[in-house]
Amino acid sequence: MSRGHQTIAVHRERCDGCGKCVEACATLKTGSPGPEASRIKVAGDGKRASFGLAVCRQCADPRCVSCCPSGALLRDEEAGVVTWSEEKCVACGLCTLACPYGGISLDPVSGKVMKCDQCEGKPACVEVCDRGALELTTSSEIYNTWGDLEDLVVPGISSCLGCNSELLFRHTLRRIGSNVVLATPPAV
Amino acid sequence: MDYTKYLIIGASHAGLSALEAIRAYDEHGTTVLVSQEDLLPYSPTILYHVVSGRTDPETVFLRDDKYFTRRDISFLRGARVVSVDPDERSVSLESGDRIQFEKLLLATGARPLLPRIKGLSSVPYHVLRTLDDAVRIRSELGRHKTVAVLGGGLIGLHCAESFAEHGLDVTVLEQESSLLPGYFDDIAARFIVSAFREHGVQVMTSARVEEVVKDGDGVALNLENHPSVRVGMLLVTAGVTPRIDFLVGSGIDTREGVVVDNGMKTNKEHIWAAGDVAEAEDFFGASQLLNPILPDAVDQGRIAGMGMADDPYVQAYQGAVSQNTFRFTGHHAFAVGKSMIRSENGEYEIVTHVDERQARYWKLVFREEVLEGVAGINSGLDPGIMWQLVVRRQKLGNLREQFRENPAEAGRLAMSRWWR
C-alpha cells in the first residue's frame, strides 16, 4: 500500500492576500465567512507587498501532539493528518503554545481548539485559490517511511515540496556519523 | 539483577518524550520505563479536568499497553525507586529488586510543595498531583459547601473555578499581592481576579495564613490582617518541588532539583535528568532554574533521550523560558518569557493594548530589536509563534512597527519569512 500523504503546499510568493481561502475555510467549518474561525490565516504587511500564510502542516513529528495533556491530538499515520478529538480536548491551549507555525489556534467564539483537517482530502482553501498559492501535493512513500521516524528537515513540508534527497541524506549522515562531509548537498 | 541499556524513571511527558527519541535512533536497545503509580502514563496537567468532571479518569491515559509492546519497551508499573548507585550503575526498588543500567534518565517529576504553616499537618487537606488525588477530591465535592484554595497559581485557580461551578463557596488565598505573579502583570492580574469574582470565587491577595486548626469536620484558617476563614475542605496548591529525595547520598548534584548541563546530563556519567525534576540553564541568564512546564518537559526529555542513544543530531538545550497557557471562566490567556516585567526602565520597551469592552489584552516586551516577553488574554495571538520569536532572539527589523499595531499578523508574517 502506498504511504503517500497529501499535504497543502504554500507558495507564498504567489499569494496576493485576496482572502478567499480564509472565507472558504470559515464558511465550510462554521457556516459563516468570519475570518476568526478560519483554520488558515493570511497575514499582510500593510503595504500589500508580501503575505504570510499560517496553516497546520500536519507535521510528521508534531510538537502539538507531544504537548497535549489529554490525548486529544494524535497523528493519523495512514492519512498523515494530525487529528483532534473534541471529546477529549480540555481546551487548555498548550497546543497553541507548542506549534511554532500558528497552525493550531482557538476559535474566539466557541473557545474550542481549531486546526486544519484537510477536509477529508479536498481542502476548500486549495479549491478556491486561483492564484496558485495553495497546492495539494502528495509526498512520497520513501519520504514518509523516513519522515515518520523523525522529520529532520521542516516538519510537515514534503521536503522541498517533492524532493526527498535532503531528508534521506540527513538520515544517512546521521547514521554514518558527524565526521562525514557531504560534498554535493541538494539545492534549496 | 536485571540489566537494561536504557532505564527511565518517571512516565509522564519528559520520560515519554525521551522514549520516543531513543526509539527513533535505537530500535532495539533494551529499555525499561519505571513508574511509581500502577497506571498507564498520564499528564498531571489533565488532573483539574478530572476534578471538574470534564474528563473521565478512565480516559486520561496518553499511551496504551500496545504502545510499549510494539516498541519492545518493558513498562514496570507500581515500582518506586528508593536509591541510585551511579558507580555500580544500578537503582534499587522499594520491593528490594535492583536494576542495572547503562544509561539512566531521572524524570521523576515533582510533588506538591507544602507551605510551612503552623498546624497544617494536623488538619485534613488535599493536594492535586496524582490521579488518586483528583478522584478523591472529586468524590468529596458533594460533601462540602465551602472550600479554601491555598495558593493562587494555575492549579489552584483551575480548581477554584470548578469548585464554584459545583456550587461551593470558594475562597482563594494568595500570599503575593497578585494572582499568577510569575506570568502576568497587574493589568492582566486585575482582569483575572475580576473574572474569578464574577464567577463567584472569592479572591484574597496578600493573604498570609498564620495557622490552620481543626474546626469541627472542617478547617479554620487564621490569617494575618484578615478575619479567619472557616471551610469544609482545604486544597493546598502552593506550587511544586522536584522529587529528588531518593537521590540523597547518591553523589548526584542537586540543588532544588537535579542540576543538569545543556545536554540534560547530571554530574554523573551515564545519568541524565529532564522535566520538572531538572534544574537547567536559564535562557535569559547564566543561572540554573526549575521550569516545571509541560512543553519544556517534552523538549528536555527529547534532548536527554537523544543524548542517551548517542544520536549525533542532538542539539543543546536552549535554556528555560517561562511559558504557559491559562484558560479560565471562558477566557484564554498565555504568557511567554519576560511577560511579567511591569514598567519601562530604559532597558525594555513595553507595548500594551487593553480593550476592556472585548476583554482583550496583550503586552509585548522588547529589548532593543528583539521580543523578550509576551502576554495575552483573548489576544488572538499565536502563542507558539511568539515563543519562537523570543527563543530565536529574532531581530524584528522592519516588522517592528507592525508588531505594535497588529502583533497577530506581524507574528504570522515573521513566521512565514523566517522559519516557514
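Cut-offs and rules
Residues numbered from 1 in each chain as written. Chains lettered and ligands numbered in written order. Predicted model: local features only at pLDDT ≥ 70, side-chain atom pairs only at ≥ 80, totals over all residues. Helix = DSSP H or I, 4+ residues; strand = E, 2+ residues; numbered from the N terminus. Rg over C-alpha atoms; globule rule 2.2 N^0.38 Å. Contact = placed C-beta atoms within 7 Å. Buried ≥ 20, exposed ≤ 12 C-beta atoms within 10 Å, placed from the backbone. Axes fitted to C-alpha atoms, helices over the stretch in contact; angles between N-to-C directions. Parallel < 35°, antiparallel > 145°, perpendicular 65-115°, else oblique. Left-handed = near helix turned anticlockwise from the far one by under 90°. Pairing = 2+ DSSP bridges. Nonpolar A, V, L, I, M, F, W, Y, C, P; charged D, E, K, R; others polar. Expected span 1.5 Å × (residues − 1). pLDDT = per-residue confidence, 0-100.

1. Overview of the overall build of chain B
Here comes step 1: When you go through chain B residue by residue, the secondary structure sums to 10 helices and 24 strands.
Here comes step 2: The C-alpha atoms of chain B give 23 Å as radius of gyration, which agrees with the globular expectation for 420 residues (22 Å, within 12%).
Here comes step 3: Taken along the three principal axes of its C-alpha coordinates, chain B extends 65 × 60 × 35 Å.
Here comes step 4: When contacts within chain B are restricted to residue pairs at least 6 apart in sequence, long-range pairs at least 24 apart make up 65% of them.

2. A look at the overall build of chain A
Here comes step 1: The secondary structure content of chain A amounts to 7 helices and 8 strands.
Here comes step 2: Looking at chain A as a whole, 46% of its 188 residues are labelled buried.
Here comes step 3: The contacts of chain A with a sequence gap of at least 6 include a subset with a gap of at least 24, amounting to 56%.

3. A word on the packing of helix α8 (residues 383-391) of chain B against helix α10 (residues 407-418) of chain B
All names here are of chain B.
Here comes step 1: Look at α8 against α10: their axes get within 9 Å of each other, and the N-to-C directions meet at 60 degrees. Compared by their axis directions, α8 and α10 come out oblique. Read as a crossing pair, α8 and α10 show a hand that is left-handed. Along its contact with α8, which presents I385, M386 and L389, the element α10 presents G411, R412, A414 and M415.

4. Here we look at the sheet that holds strand β16 (residues 258-259) of chain B
All names here are of chain B.
Here comes step 1: The 3 strands lie next to each other as β16-β18-β19, forming an open sheet whose pairing is mixed. The sheet is open, and its two edges are formed by β16 and β19 (288-290), each paired on a single side.
Here comes step 2: In terms of strand pairing, strand β18 (residues 278-281) meets β19 through 3 bridges, oriented antiparallel. Bridged to A280 within β19 is L289.

5. Focus: the interface of chain B and chain A
Here comes step 1: The interface is formed by 40 residues belonging to chain B together with 38 residues belonging to chain A.
Here comes step 2: The set of elements that each furnish at least two residues to the side of chain B that touches chain A consists of α1 (13-25), α7 (294-308), β20 (323-328), β21 (331-337), α8 and α10 of chain B.
Here comes step 3: Top element by residues in the side of chain B that touches chain A is α10 of chain B. It accounts for 7 residues.
Here comes step 4: Considering only residue class, the side of chain B that touches chain A consists of 16 nonpolar, 17 polar and 7 charged.

6. Regarding the packing of α1 of chain B against α7 of chain B
Residue and element names in this part refer to chain B.
Here comes step 1: Their axes nearest at 7 Å, the elements α1 and α7 cross at an angle of 35 degrees. In this structure, the crossing between α1 and α7 has a hand that is right-handed. In this structure, α1 uses H13, A14, G15, L16, S17, A18, L19, E20, A21, I22 and Y25 to contact α7, whose residues at the interface are L294, A297, V298, Q300, G301, R302, A304, G305, M306 and M308.
Here comes step 2: In terms of residue class, the contact of α1 with α7 is built from 13 nonpolar, 6 polar and 2 charged.

7. Remarks on the pairing of strand β2 (residues 41-44) of chain A
Residue and element names in this part refer to chain A.
Here comes step 1: The alternating pattern of β2 places K41 and A43 on one face and V42 and G44 on the opposite face, and all of these are buried.
Here comes step 2: Relative to strand β3 (residues 51-54), β2 is paired through 4 bridges, and the arrangement is antiparallel. Within β3, the position partnered with G44 by the bridge is F51.
Here comes step 3: Taking the residues between adjacent antiparallel strands as the criterion, β2 and β3 are bridged by 6 residues, where G46 takes a positive phi near 85 degrees.

8. A closer look at the environment of I187 of chain B
Residue and element names in this part refer to chain B.
Here comes step 1: As for its placement among the helices and strands, I187 is situated in helix α6 (residues 186-198).
Here comes step 2: Taking the C-beta count within 10 Å as the criterion, I187 has 15 such neighbours and is therefore assigned partly exposed.
Here comes step 3: Spatially, the C-alpha atoms of I187 and A24 are 45 Å apart, while their sequence positions differ by 163 residues.
Here comes step 4: Beyond its immediate chain neighbours, meaning those up to four positions away, I187 contacts T352, V354 and Y361.

9. Considerations on unusual backbone geometry
Here comes step 1: Of note in the backbone geometry, E120 of chain A takes a positive phi value of approximately 50 degrees without being a glycine.
Here comes step 2: Tracing the sequence through the fold places E120 of chain A in the loop between β7 (113-115) and α4 (124-128).
Here comes step 3: Taking the number of C-beta atoms within 10 Å as the measure of exposure, E120 of chain A has 8 and is therefore exposed.
Here comes step 4: One non-glycine residue with positive phi stands out, namely R393 of chain B, at about 50 degrees.
Here comes step 5: Looking at the element boundaries, R393 of chain B is found in the loop between α8 and α9 (400-405).

10. Describing the sheet that holds strand β23 (residues 360-367) of chain B
Residue and element names in this part refer to chain B.
Here comes step 1: Judged by pairing direction, the sheet is antiparallel, and its 5 strands sit side by side in the order β20-β21-β24-β23-β22 without closing on themselves. Unpaired on one side and paired on the other, β20 and β22 (349-355) mark the two borders of the sheet. The mean angle between the axes of side-by-side strands here comes to 10 degrees, regardless of whether they run parallel or antiparallel.
Here comes step 2: Note that β22 and β23 share 7 bridges and pair antiparallel.

11. Quick word on the pairing of strand β5 (residues 81-84) of chain A
Residue and element names in this part refer to chain A.
Here comes step 1: The pairing of strand β4 (residues 73-76) with β5 spans 4 bridges and is antiparallel. Bridging across to β5, L74 finds its partner in T83.
Here comes step 2: Two successive antiparallel strands, β4 and β5, enclose a turn made up of 4 residues, where G80 displays a positive phi of approximately 70 degrees.

12. What about α10 of chain B?
Here comes step 1: The end-to-end C-alpha distance of α10 of chain B is 16 Å, a good match for the 16 Å that 12 residues give at a rise of 1.5 Å each.
Here comes step 2: Across the 12 residues of α10 of chain B, 10 count as buried, placing the element largely inside the fold.
Here comes step 3: Taken together, the buried positions of α10 of chain B are P407, A408, E409, A410, G411, R412, L413, A414, M415 and S416 of chain B.
Here comes step 4: Among the structural elements, β2 and β3 of chain A together with β23, α8 and α9 of chain B are those in contact with the buried residues of α10 of chain B.
Here comes step 5: Following α10 of chain B by one or two positions, R420 of chain B has its phi on the positive side, about 40 degrees.

13. Some remarks on the environment of R342 of chain B
All names here are of chain B.
Here comes step 1: Locating R342 in the fold gives a position in the loop between β21 and β22.
Here comes step 2: Under the C-beta neighbour-count criterion, R342 is labelled exposed, with 11 such atoms within 10 Å.
Here comes step 3: Once residues lying within four places of it in the same chain are set aside, the contact partners of R342 are D185 and D186.

14. Description of the confidence of the model for chain B
Here comes step 1: Put simply, chain B has an average pLDDT of 95, and 100% of its residues get 70 or more.
Here comes step 2: Here the complex is predicted with pTM 0.92, and the ipTM for its interfaces comes to 0.95.

15. Observations regarding α7 of chain B
All names here are of chain B.
Here comes step 1: In a regular helix each residue adds 1.5 Å, so 15 residues correspond to 21 Å; α7 covers 21 Å between its end C-alpha atoms and thus fits that length.
Here comes step 2: Extensive coverage of α7 is indicated by the burial of 15 of its 15 residues.
Here comes step 3: Just beyond α7, the residue with positive phi is D310, at close to 60 degrees.

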